[in-house]
Amino acid sequence: MQPPMTFEICRALTQLTRQLLEAKEHQAQTHVLAKGQVYRVVVSLEPVPADQLQDVINRYQ
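The structure displayed is predicted, hence computed values, not measured ones. Numbers given to residues run from 1 along each chain, matching the order in which its sequence is written. A pLDDT threshold of at least 70 governs which residues receive local features in this predicted model, and a stricter bar of 80 or more applies before side-chain atom pairs are shown or counted, although totals over entire chains, interfaces and linings include all residues. Derived side-chain values reflect all non-hydrogen atoms in the structure, with water molecules and hydrogen atoms excluded from consideration.

Another aspect to go through is the overall build of the protein. Along the protein, the regular secondary structure elements total 2 helices and 2 strands. The secondary structure elements of the protein, listed N-terminal to C-terminal, are α-β-β-α. With the radius of gyration taken over C-alpha atoms, the globule rule is written as 2.2 Å times the number of residues to the power 0.38. Expected size for 61 residues packed as a compact globule is a radius of gyration near 10 Å; at 14 Å, the protein overshoots this value by more than 25%. The principal-axis extent of the C-alpha atoms belonging to the protein is close to 40 × 30 × 15 Å. Taken across its 61 residues, the protein has 5% of its residues classed as buried. In this description, accessible areas are obtained by the Shrake-Rupley approach with a 1.4 Å probe, and a residue is regarded as covered only by the protein chains that are shown. Within the structure as shown, the protein displays about 6,100 Å² of accessible surface, and the carbon and sulfur contribution to it stands at 55%. Looking at charge distribution, the protein has the averaged site of its 6 positive side-chain charges lying 9 Å from that of its 6 negative ones. Each helix is a run of H or I in the DSSP string that is no shorter than four residues. Each strand is a run of E no shorter than two, and both are numbered from the N terminus. For each residue, the accessible area found with a 1.4 Å probe, counting protein chains only, is set against the maximum for its type, and the residue is called buried under 20%, exposed over 50%, and partly exposed in between. Counting rule for charge: Lys and Arg are taken as positive, Asp and Glu as negative, and neither His nor the chain ends is counted. One atom stands in for each charge, and that atom is NZ of Lys, CZ of Arg, CG of Asp or CD of Glu.

This part is about the pairing of strand 2 (residues 37-44). Successive side chains on a regular strand alternate, one facing one side of the sheet and the next facing the other. Direction of pairing for strand 1 (residues 27-34) relative to strand 2: antiparallel, over a ladder of 8 bridges. Pairing of Gln27 across the sheet is with Ser44, part of strand 2. The turn joining strand 1 and strand 2, which pair antiparallel and follow one another in sequence, is formed by 2 residues; a positive phi near 55° is taken by Lys35. By definition, two strands form a pair when at least two bridges between them are found by DSSP.

All right, on to the environment of Asp51 then. With respect to the helices, strands and loops of the structure, Asp51 is situated in the loop between strand 2 and helix 2 (53-59). Classification of Asp51 by relative accessible area gives exposed; the value is 67%.

Here it is in structure tokens:
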């Protein structure tokens, strides 16, 4: 199991999600330079079906 993300990362991802949805986009790809390395970044938004919401909620408790 992955360690929980920091509040700052969750906030940044939430802001990115809002911006993508406002632009009617569901994915984004780019390259970034961090710590002397170039990284490919891919973000894909996938709605969670209603019948899986409880599982998602349980992950954060």
